[in-house]
Number of protein chains: 2
Amino acid sequence: MNASNFDVDVGARLRELRVRHGLSQRALAKRAGVSNATVSMVEANRMSPSVSGLRQILSGIPLSLSEFFAEAKPTVEQVVFRASELKEIAGGRISFRQVGSNLEGRSLQMIHERYKPGAVSGKAMLSHQGEEAGLIIRGRMGLEVDGARYELNPGDAYFFDSRKPHAFKNIGDEDLELVSACTPPSF
Amino acid sequence: MNASNFDVDVGARLRELRVRHGLSQRALAKRAGVSNATVSMVEANRMSPSVSGLRQILSGIPLSLSEFFAEAKPTVEQVVFRASELKEIAGGRISFRQVGSNLEGRSLQMIHERYKPGAVSGKAMLSHQGEEAGLIIRGRMGLEVDGARYELNPGDAYFFDSRKPHAFKNIGDEDLELVSACTPPSF
DNA sequence: TTCATCCGTTCAATATAAAGAACATTCTTA
DNA sequence: TAAGAATGTTCTTTATATTGAACGGATGAA
């Protein structure tokens, strides 16, 4: 049994991509160097192509296997989130106010962060893979990533791999305010 | 043209994942309900499994096809980007200052945006799939997504699917300043 | 109409993936 | 030593993916 996710409907996905690119089964088959019968069979799920066969077919679009199997991103309903609507996901001396409350199925998370003077946060462990970026709006931040220390002022920014251990600290006298984003939002 | 990637070595990737999970070929085969011979052949690239066969094999780890074919993320060298180092990717009445200059291999892009009063930007066409988010620092923004119009003030934020047509405008008297992020950075 | 050309599907023949058993090798353990 | 159990590989048979050609339907032009 396949534990982790819903199965990709290979046939439907191929058809969707082919049509989106304005190709007929035959046109795609010719570009890819396979028979039109194969394209037809695969799209109808009447057979499961070999990986090399699928790669061959996709070369006619062209598209990588990675792109083919990438998770479909669900549509996000709400577009605008008022300042008062941002979801508080941390309290006290640190305020994390997230854009949108439901992370399910998203690949991007944005947070409006505020730290009181001296406040600290961070992760020591390797979390799931992904990337993190942020830009300082106000105040001074001390950043430690993978053992290296930095000081950031308004307008400065950071970018690193989420798997590296990291810590944030407000090292100034006033509140520290920044906007951060990370992907994927799973943590 | 498939700009983005090199082909996956299916055999090597499977072996890497199996070993990383501490499974022998036979143990994996048993959990997945396939023969050990198949696992051996696939790892040696002596045959290219069918998609359904590979899915079956991966179910023993377990791992989804999506995860199997996901691109390995390269490590990002530079962590901190000074305000003066942000890369200007648009000029004139609109200033887009990107965190980091090289997007290759990244899945996250962050931009410090500034619009003069009246300045407009946006995309009418469907661009590649992904998500976009932003948070207003200063000024007033008019946002149109998929035909719907919104007004945003400092602290407000937005989040939508990049494929929807969208436009940004500074509808205030002062400069509009915001931090945005999108994924994937391809555009 | 009739011809031409496109579309997607289906069929029989062939190439290849997958199973099950036997193989060689390297460890343990007696 | 030798026996036992683990590993990954290689064999032969069987199931299935893939081909090339033929099919039926739709569209458009003479």
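Whatever comes next refers back to the structure up there.
Thresholds applied
Residues numbered from 1 in each chain as written. Chains lettered and ligands numbered in written order. Predicted model: local features only at pLDDT ≥ 70, side-chain atom pairs only at ≥ 80, totals over all residues. Heavy atoms only, no water. Near = heavy atom within 4 Å. Polar contact = N/O pair within 3.5 Å; in protein donor to acceptor, adjacent residues only side chain to side chain. Helix = DSSP H or I, 4+ residues; strand = E, 2+ residues; numbered from the N terminus. Nonpolar A, V, L, I, M, F, W, Y, C, P; charged D, E, K, R; others polar. Axes fitted to C-alpha atoms, helices over the stretch in contact; angles between N-to-C directions. Parallel < 35°, antiparallel > 145°, perpendicular 65-115°, else oblique. Left-handed = near helix turned anticlockwise from the far one by under 90°. Contact = heavy atoms within 4.5 Å. Buried < 20%, exposed > 50% of the residue type's maximum accessible area, 1.4 Å probe, protein only. Pairing = 2+ DSSP bridges. Arc of directions from axis to C-beta. Salt bridge = Lys/Arg side-chain N within 4 Å of Asp/Glu carboxyl O. Phe/Tyr/Trp six-rings, centres within 6.5 Å; stacked < 30°, edge-to-face > 60°.

A. Main features of the protein's contact with DNA strand C. Around DNA strand C there are 20 residues in total, and Ser24, Gln25 and Arg26 of chain A together with Thr38 and Pro49 of chain B lie nearest to it. Among the atoms of DNA strand C close to the protein, meaning within 4 Å, 65% are from sugar or phosphate groups. Take Arg18 of chain A: an N or O atom from its side chain is 3.1 Å from a phosphate oxygen of DNA strand C. The separation between a phosphate oxygen of DNA strand C and a polar main-chain atom of Ser48 of chain B is 3.5 Å. Listed by contribution, the elements that provide at least two residues to the surface near DNA strand C are α1 (10–20), α2 (25–32) and α3 (36–43) of chain A together with α3 (36–43) of chain B. For the surface near DNA strand C, the element with the highest residue contribution is α3 of chain A, accounting for 4 residues. Taken together, the residues of the surface near DNA strand C sort by class into 6 nonpolar, 9 polar and 5 charged.

B. Broad picture of the packing of α2 of chain A against α3 of chain A. All names here are of chain A. Axis separation between α2 and α3 bottoms out at 8 Å; the angle between their running directions is 120°. It follows that α2 is oblique to α3 by the angle criterion. Judged by the twist between their axes, the crossing of α2 over α3 is right-handed. Counted together, Gln25, Arg26, Leu28 and Ala29 of α2 and Asn36, Val39, Ser40 and Glu43 of α3 form the full contact between these two elements. When grouped by side-chain class, the residues that make up the contact of α2 with α3 number 3 nonpolar, 3 polar and 2 charged.

C. Geometry of the pairing of strand β10 (residues 166–170) of chain A. Residues and elements named next belong to chain A. The side-chain alternation of β10 yields one buried face, formed by His166, Phe168 and Asn170, and one unburied face, formed by Ala167 and Lys169. In this structure, strand β7 (residues 141–145) lies alongside β10, joined through 5 bridges in antiparallel fashion. Note that in β10 the partner of Gly142 across the bridge is Lys169.

D. Inspection of α3 of chain B at higher detail. Residues and elements named next belong to chain B. Along α3, the residues that are buried comprise Val39, Val42 and Glu43. End-on view of α3: buried residues confined to an arc of 95°, all on one side of the axis. Buried-residue contacts for α3 involve α1 (10–20), α2 (25–32) and α4 (51–58). Where α3 ends, the next residue or the one after it, Asn45, has phi of about 55°, a positive value.

E. Representation of the pattern of salt bridges in the model. Following the criterion strictly, the structure yields 15 salt bridges over all chains and no others. Arg138 of chain A is the salt-bridge partner of Glu177 of chain A, the closest N and O atoms lying 2.9 Å from each other. Here Glu177 of chain A, found in strand β11 (residues 176–183), pairs with Arg138 of chain A, found in strand β6 (residues 131–138); they are 39 residues apart in sequence, far enough to count as distant. Under the relative-accessibility criterion, Glu177 of chain A is labelled buried at 10%. Where Glu177 of chain B meets Arg114 of chain B, a salt bridge forms, and the shortest distance between an N and an O atom there is 3.7 Å.

F. Structural view of the packing of aromatic side chains. Residues and elements named next belong to chain B. In the structure shown here, the tally under the stated rule is 5 aromatic pairs over all chains. For the ring pair Tyr158 and Phe168, a centre distance of 5.5 Å and an interplane angle of 40° mean the geometry is tilted. In this pair, Tyr158 sits in strand β9 (residues 157–161) while Phe168 sits in strand β10 (residues 166–170), placing the two residues 10 residues apart along the sequence. As far as the burial class goes, Tyr158 and Phe168 line up, both buried.

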